[in-house]
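Observations on chain architecture
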Amino acid sequence: MLFLVICSFSGCVEDDQSSVHSDPVSDVADDKNADLNYEIHNASLKKTAIFELENGYSLKVLEIKRKEEFVRISFRKDNQEYATQTIYLGQTYDVKDPNKKNVVYSVHVDRILDNSFVVELTCTIRPEIDFDSSVPESMLEAKAEVKIDTDTMTRTYTWDYDAYEFTIQSEYYIDAYDDYSERSRARNYDRFVTDPYDDELISQISSQLEDLAHNAGYGDDEIPYIAMTFVQSLPYISDSVSSGYDEYPRFPFETLYNGGGDCEDSSILLASILYDMGYGVALIELPGHMAVGVKGADSLEGAYYEYAGTKFYYLETTNSGWDVGEIPDEFLDDEALIYPIYYGFPELSIDFEGMSVNDAYYRYVDLDIELENVGSATAEDVVIYTSLETRTEGRVWDQIASDVIPALNAEEGIKYSVSNLKAPVGERYRVRIVAWGSNTESVYVYSDWTTA
């Protein structure tokens, strides 16, 4: 059951971070600006979007606050930030060069869209933008968000909750990130949340969040909200930019290592943290988007989804300013898939390749099968069944079952070979491989139909 709340949202889409068009001053009915050779550019920008101007100048949208009617912008020269500024709706701000001597352009906040994800700006570029200016060395010595050593990378995360600024730091082995890139993505979303490889890291993050909250004077009831704003503060990074894939779910380690991710990545991360803290959580998959559901009492207000008698209240993860139970307008009428997070499930994944030879009567098929437990608990009493199916349902040309594999640990894989499965020459067949265990669901794969 989904209760209505009034809110809007641009969604988690794989498009450019900004949609920018330029209007030369000759097209603008402003004779004064034309005489001064000013250029006027209009831009519609999302959070974390970068708008390139001229001569190395650019600006980056750090924060969009619709209710408070302001945006926070980073001013950059040659990709180096040298100043930030909060600009209110309708306000114009003159941006000086890094040496603070000349105004090179101005920024006017025209409109903040209702969904709080897009701001419309007008940038007026002045002739002084041609001045040669570089970022002073003192600016470059500011504390970096990322420190890379020979074997490790340390990332610092800073975000605001209420009126308090929080900072946590985490160190990652670079080799470990490379290892993650080789891991299978062929697993249910909830298995990314309960992935045992991330347990230690997530526990460290959870402990830091709890300690910071208590040191700042917040009670236990505030900790999940602090965790939520931490994840919401991470920048949106699309799959296609960071991995080359349109859909590429990441483990929590990868999202923290990258310093951000898309909607499914941030949802997996937040669900992992809240689950580690002991909260009942679920992943909520909507058309083109993903969010988190947190188990709540009937007295909690806001939108929720009900699954097996449990209410999971909606949590948005890809931008700040969303409270528990606030769901974007565009998803109010959409059906959702709910993935409750439970501890420890095995999940099997199959891959195979093969070759075949013929004699006058039969085609003989040899197969090399790889079976992997991509779940988060040991699969028990596993069996692999291989057959050459006929076109008649329930009938096979040939078949074989493996011996029982007593245990297949999480992330463990085995190789299994089958030889001389046969089908009569001239007959149609396909390879079917099924694997199951006493505590896991069956999985299966097929080849294409072919003629022996």
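Criteria and cut-off values
Residues numbered from 1 in each chain as written. Predicted model: local features only at pLDDT ≥ 70, side-chain atom pairs only at ≥ 80, totals over all residues. Heavy atoms only, no water. pLDDT = per-residue confidence, 0-100. Helix = DSSP H or I, 4+ residues; strand = E, 2+ residues; numbered from the N terminus. Contact = heavy atoms within 4.5 Å. Patch = residues over 30% accessible without salt bridge, like charges linked within 9 Å, V, L, I, M, F, W, Y side chains within 5 Å. Areas by Shrake-Rupley, 256 points an atom, 1.4 Å probe, with all protein chains shown as cover. Salt bridge = Lys/Arg side-chain N within 4 Å of Asp/Glu carboxyl O. Buried < 20%, exposed > 50% of the residue type's maximum accessible area, 1.4 Å probe, protein only. Axes fitted to C-alpha atoms, helices over the stretch in contact; angles between N-to-C directions. Left-handed = near helix turned anticlockwise from the far one by under 90°. Nonpolar A, V, L, I, M, F, W, Y, C, P; charged D, E, K, R; others polar. Polar contact = N/O pair within 3.5 Å; in protein donor to acceptor, adjacent residues only side chain to side chain. Parallel < 35°, antiparallel > 145°, perpendicular 65-115°, else oblique. Expected span 1.5 Å × (residues − 1). Arc of directions from axis to C-beta.

When pLDDT drops low, the exact placement of atoms in the prediction is not to be read closely. Across the protein, the average pLDDT comes to 81, with 84% of residues at or above 70. Per-element confidence in the protein is highest for strand β21 (residues 396-401), whose mean pLDDT is 96, and lowest for strand β1 (residues 18-23), whose mean pLDDT is 31. In this model, residues 1-35 is a region of pLDDT below 50 whose contacts with residues beyond four sequence positions or in other chains number 91 contacts. Segment residues 240-246 is flagged for pLDDT under 50; beyond a separation of four residues in sequence, or across chains, it makes 11 contacts in the model.

This part covers unusual backbone geometry. Unusually for a residue other than glycine, Asp162 sits at a positive phi of about 60°. Note on placement: Asp162 falls in the loop between β11 (152-161) and β12 (164-173). The backbone of Asn420 shows a phi angle near 65°, a positive value even though the residue is not glycine. Secondary-structure assignment places Asn420 in strand β23 (residues 413-424).

A contiguous nonpolar patch, built from Tyr307, Tyr342 and Phe345 and spanning about 300 Å² of accessible area, is present on the exposed surface. Assignment of secondary structure puts Tyr342 in the loop between β17 (337-340) and β18 (348-358). For Tyr342, a relative accessible area of 47% corresponds to the partly exposed category.

For the pair helix α5 (residues 199-215) and helix α6 (residues 223-233), the least separation of the axes is 10 Å and the interaxial angle reads 120°. Crossing of α5 over α6 shows right-handed handedness. Seen from α5, the contacting residues are Ile205, Leu209, Glu210, Ala213 and His214; seen from α6, they are Ile223, Ile226, Ala227 and Phe230. Here the residues of the contact of α5 with α6 are counted per class, giving seven nonpolar, one polar and one charged.

The next thing to look at is the environment of Ser266. Mapped onto the elements, Ser266 comes out in helix α9 (residues 263-276). Among the residues examined, Ser266 registers a relative accessible area of 5% and is labelled buried. In this structure the C-alpha to C-alpha distance between Ser266 and Pro252, which are 14 residues apart in sequence, comes to 8.1 Å. Once residues within four sequence positions are removed from consideration, Ser266 is found in contact with Val231, Thr317 and Thr318. Among the polar contacts listed, one links the side chain of Ser266 to the backbone oxygen of Cys263, at a separation of 3.2 Å.

A separate point is the packing of α6 against α9. The geometry of a pair of packed helices is captured by two quantities: the angle between their axes and the separation between those axes. Following both chains from N to C, one finds α6 and α9 inclined at 155°, their axes separated by 10 Å at the closest point. The angle between α6 and α9 places the two elements in the roughly antiparallel class. When you trace α6 past α9, the crossing you get is right-handed. Across the interface between the two elements, Pro224, Ala227, Met228, Phe230 and Val231 from α6 touch Ser266, Leu269, Leu270, Ile273 and Leu274 from α9. Classifying every residue of the contact of α6 with α9 by side-chain character gives nine nonpolar, one polar and no charged.

Counted by the stated rule, this structure contains 11 salt bridges. As a salt-bridge pair, Arg111 and Glu120 come within 3.6 Å of each other at their nearest N and O atoms. On the basis of relative accessibility, which here comes to 25%, the residue Glu120 falls in the partly exposed class. A salt bridge links Asp190 to Arg191; the nearest nitrogen and oxygen atoms lie 2.5 Å apart.

The next thing to look at is α5. The terminal C-alpha atoms of α5 lie 24 Å apart, and with 17 residues this matches the ideal 24 Å at 1.5 Å per residue to within 8%. By the burial criterion, the buried members of α5 are Leu201, Ile202, Ile205, Ser206, Leu209 and Ala213. An end-on view of α5 places all buried positions within 135° of arc, on one side of the element. More than 90 degrees from the buried face of α5, the exposed residues found are Glu200 and Asn215. Where the residues of α5 are buried, they touch β11, β12, α6, α8 (252-258) and α9. The positive-phi residue at the C-terminal boundary of α5 is Gly217, with phi of around 90°.

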